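Observations on chain architecture
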Amino acid sequence: MPRKGMRSVFMKSSSPSPSNSPSRSSTIPPLSPRHTFSESLMEENIEIAQSLITKCDSNSQLSEFSNINSLFNGDRSEARQYLNSVKDLQTAMHYFISHNSSSENLVRAQFLMQTAMKRFHNFQLVDFEEDLEDELRTAGESISEVERVSMAAMADLKAIADCMISSGYGKECVKIYKIIRKSIVDEGLYHLGVEKLSLNQVQKMDWNVLELRIKNWLNAVKIAVKTLFYGERILCDHVFSASASIRESCFTEITKEGAMTLFGFPELVAKCKKSSEKMFRTLDLYEAIINLWPEIESIFSYESNSALRTQAINSLVKLGDAVRTMLTDFESAIQKDSSKTSVPGGGVHPLTRYVMNYITFLGDYSEILADIMADWPLTFQSPLPESYFPSSDDDGPFSAISVRLAWLVLVLLCKLDGKAELYKDVALSYLFLANNLQYVVNKVQSSNIKFLLGDNWVAKHEEKVKQYTANYERMGWSKVFSSLPENPKAEISPEQAKSYFKTFNAAFEEAYRKQTSWIVPDPKLRDELKISVARKLVPLYREYYENHRVGLSRECGSESLVRYAPENLNNYLSDLFYGNGGGGSISSSSSSSSSPSRTHGRHGR
């Protein structure tokens, strides 16, 4: 930058011409002390610095905050002149300290330097804080993986820090930087809803209140790590790029307290009383930390950040312990279920619904649970049937969680075996088992659990459902089948024919009355059961009906004996398994001779 009066300095310091030079022998009166060339330059540095530094005071209506802001928010070249003048001012101070420590210029330079440093502090406090507050306010909405500060603001702070450090104000610069930046980070965390809580405070919270805090934390931790702490690390590294020790010191002191509070909250939650309802929020906390761990490890990579990394790891460990405890308690709760009330109609038991919904939700956290259970193998005192577990060939990363979930399903099924014994009707007990196992299979097939347990597991349990339904048919319809002769075409007396019709009517009506009150919630299984019974019963009855009905047609009261045409049986069977208590009694007025088809019940067939 051109310096004022440089020409005059050179003119004053030039040598006189020979023609005008007095003789050496002439008497020369003493001259006043003359400035050296260097001293003149230093004085000029002070003058230039004074004109720029005091420019902020030229308008008495403006505060020094707004003046320094206008300097760095306005013409960038003017800001560079200001910083250069401070550097030149420092050079001047060093010169006078070494050449004339009592010089008034030194006092003047020191005063100007103090004024400049004070205004640098103001800039760090006001201008940069306002920028960050605006950006943090929208961080959750519009900032993703971006620096919180503009490059211009970062460049300004770096220039100020370099200037202050080179001017001998390094300690003051670092001190005020730490104070200001910590206040901004703390305020950012406050706006994100992060606050320091004690274990006692967390333990006393109602679950609904604590769950809201967990939800808030899950949102806050992403912004805090990816925006707040990441931006602070970038800023520290940029502003103090010349000093690794200052970078580390500043970043650690600025973020330590807030980060410890943030990463310590999950540990407090993990130490609270365990219950099954807290499982999934606990898994959410674990997942959040494990997903952010690469960023945490990168941002807090300094040795002085080891306590922060340790806190995050401790939270993971405690959360993992809590999950394992809750899984153990969940299994125990299934085994200890002592309800003795049977489900009307052999439907799906509430325990089955609760357990399977819980397990399917666990399946949504399969990767997290695989990490938690990696070193928590399931051990048995005696061998268990292989059909209840995934293939032993699967040694992949999900094998531990697969076995654990299969075990929970097995515990449930064993419990259901005991509950089936509550039914006095054996056929209904088998229907109950079929219904509940079908529900289990459906939940597995419609969730991530299918990929954990595998197709073989599903196929084996579907086969088990078929075994239960076969037992139901055998026990539930045995009287009806045995009411007809083994050989429907065999010639028998009219009295025997009457007896068979009477016995069939009674057996069929009994089965109908009972099984219309039974229930099969799964539509596919319900239809399969009806079709299976119809395919076996209707052809057998038709053959007997066609061979012996004619012989009874001339008998008095034959219509009351031959109540059902074969075609009508399907109508009655269609009423089964809706749990409606029978949809009406079977009418004895339907004549097989006049009613090849009939309207009955709610189906209107």
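Residues numbered from 1 in each chain as written. Predicted model: local features only at pLDDT ≥ 70, side-chain atom pairs only at ≥ 80, totals over all residues. Heavy atoms only, no water.

By the naming in an unreviewed UniProt entry, the protein is Exocyst subunit Exo70 family protein, taken from Ziziphus jujuba var. spinosa. As recorded by UniProt, the Function (unreviewed entry) comment attached to the protein reads in full: "Component of the exocyst complex." Listed under Sequence similarities (unreviewed entry) in UniProt, the entry text for the protein is "Belongs to the EXO70 family." (UniProt positions renumbered as here; feature names shortened; annotations may be inferred.)

1. Quick notes on the overall build of the protein
In terms of regular secondary structure, the protein is built from 24 helices and zero strands. When burial is assessed residue by residue, the protein has 47% of its 605 residues classed as buried. If you take every contact in the protein between residues at least 6 apart in sequence, the share linking residues at least 24 apart comes to 82%. Within the structure as shown, the protein displays about 31,000 Å² of accessible surface, and the carbon and sulfur contribution to it stands at 51%. (Helix = DSSP H or I, 4+ residues; strand = E, 2+ residues; numbered from the N terminus. Buried < 20%, exposed > 50% of the residue type's maximum accessible area, 1.4 Å probe, protein only. Contact = heavy atoms within 4.5 Å. Areas by Shrake-Rupley, 256 points an atom, 1.4 Å probe, with all protein chains shown as cover.)

2. So, unusual backbone geometry
Phi is mostly negative for residues that are not glycine, and the peptide bonds are mostly trans. Even without glycine at this site, F577 takes up a positive phi of about 70°. In this fold, F577 is placed in the segment after α24 (566-573).

3. Here's the deal with the nonpolar core
Counting 163 residues, the largest nonpolar core has L283, L362, W477 and F508 as its most contacted members. Broken down by element, the residue count for this core peaks at 15 residues, all from helix α10 (residues 207-239). Ignoring anything within four residues of it in the chain, the contact list for L283 reads V323, L362, Y365, I368, L369 and I372. (Core = buried A, V, L, I, M, F, W, Y, C linked by side-chain atoms within 4.5 Å.)

4. Side note on empty space enclosed by the protein
Counted by the stated rule, this structure contains one cavity of 30 Å³ or more. Estimated volume of the largest cavity: approximately 50 Å³. Counting only elements with at least two residues in the lining of the largest cavity, the list comes to α11 (244-270) and α13 (306-336). Here the lining of the largest cavity is built from residues that sort into five nonpolar, one polar and three charged. (1 Å grid on protein atoms, 1.4 Å probe; cavity = no way out; pocket = protein on both sides within 12 Å on 5 of 7 lines; lining within 4 Å. Points joined across faces, edges and corners; volume = space filled by probe spheres on them. Nonpolar A, V, L, I, M, F, W, Y, C, P; charged D, E, K, R; others polar.)

5. What about α24?
Extensive coverage of α24 is indicated by the burial of six of its eight residues. Every buried residue of α24 is accounted for by P566, N568, L569, N571, Y572 and L573.

6. A word on the pattern of salt bridges
Per the counting criterion, the structure on display carries 20 salt bridges. As a salt-bridge pair, R324 and D375 come within 4.0 Å of each other at their nearest N and O atoms. On the criterion of sequence distance, the pair formed by R324 in helix α13 and D375 in the loop between α15 (366-372) and α16 (399-420) is long-range, its members being 51 residues apart. According to the relative accessible area criterion, R324 is buried, its value standing at 18%. D375 sits in the exposed class, given a relative accessible area of 60%. (Salt bridge = Lys/Arg side-chain N within 4 Å of Asp/Glu carboxyl O.)

7. Re the environment of M205
Mapping M205 onto the fold places it in the loop between α9 (199-204) and α10. With 67 residues separating them along the chain, M205 and C272 place their C-alpha atoms 9.7 Å apart. In this view, M205 contacts L197, L210 and R213; residues no more than four positions away in its chain are not counted.

8. Overview of the side chain of N435
Tracing the chain through its elements places N435 in helix α17 (residues 426-445). Among the polar contacts made by the side chain of N435, one reaches the main-chain carbonyl oxygen of I519 at a distance of 2.8 Å. Residues contacting N435, with those up to four places away along its chain left out, are G346, G347, V348, I519, V520, P521 and L525. (Polar contact = N/O pair within 3.5 Å; in protein donor to acceptor, adjacent residues only side chain to side chain.)

9. A few points about the packing of aromatic side chains
Under the definition given, this model contains 25 aromatic pairs. A centroid spacing of 4.9 Å and a plane angle of 55° characterise the contact between F501 and Y544, whose relative ring orientation is tilted. Residue F501 is located in helix α21 (residues 494-515), and its partner Y544 is located in helix α22 (residues 523-552); the two are separated by 43 residues in the primary sequence. With a relative accessible area of 0%, Y544 lands in the buried category. For the ring pair Y541 and Y545, a centre distance of 5.9 Å and an interplane angle of 35° mean the geometry is tilted. Of this pair, Y541 and Y545 both sit in helix α22, four residues apart, roughly one helical turn. For Y541, a relative accessible area of 0% puts it in the buried group. Given a relative accessible area of 9%, Y545 falls into the buried group. Here a set of aromatic residues connected by ring pairs shows up, and it is made of W477, F504, F508, Y512, Y541, Y545, Y564 and Y572. (Phe/Tyr/Trp six-rings, centres within 6.5 Å; stacked < 30°, edge-to-face > 60°.)

10. Quick look at the environment of R549
With respect to the helices and strands, the residue R549 is situated in helix α22. Taking relative accessible area as the criterion, R549 reaches 21% and is therefore assigned partly exposed. As for R549 and F501, which are separated by 48 residues in sequence, their C-alpha atoms are 9.3 Å apart.

11. With respect to the side chain of S315
Topologically, S315 is positioned in helix α13. Under the relative-accessibility criterion, S315 is labelled buried at 0%. Apart from the residues lying within four places of it in its own chain, the contact partners of S315 are F263, G264, P266, E267 and I289.

12. Focus on the packing of α11 against α13
Packing of α11 against α13 leaves a shortest axis separation of 8 Å and a crossing angle of 10°. With respect to α13, the element α11 is oriented roughly parallel. Residues K256, A259, M260, F263, G264, P266, E267 and A270 of α11 touch α13, and the partners they reach there are A307, L308, Q311, A312, N314, S315, K318, L319 and A322. When grouped by side-chain class, the residues that make up the contact of α11 with α13 number 10 nonpolar, four polar and three charged. (Axes fitted to C-alpha atoms, helices over the stretch in contact; angles between N-to-C directions. Parallel < 35°, antiparallel > 145°, perpendicular 65-115°, else oblique.)

13. Things to note about the confidence of the model for the protein
Averaged over the protein, the pLDDT score is 79; the fraction of residues at 70 or greater is 76%. Mean pLDDT across the elements of the protein bottoms out in helix α1 (residues 6-12) (30) and peaks in helix α12 (residues 279-299) (97). Below pLDDT 50 for its whole length, residues 139-149 participates in 24 contacts with residues either more than four positions away or in separate chains. (pLDDT = per-residue confidence, 0-100.)

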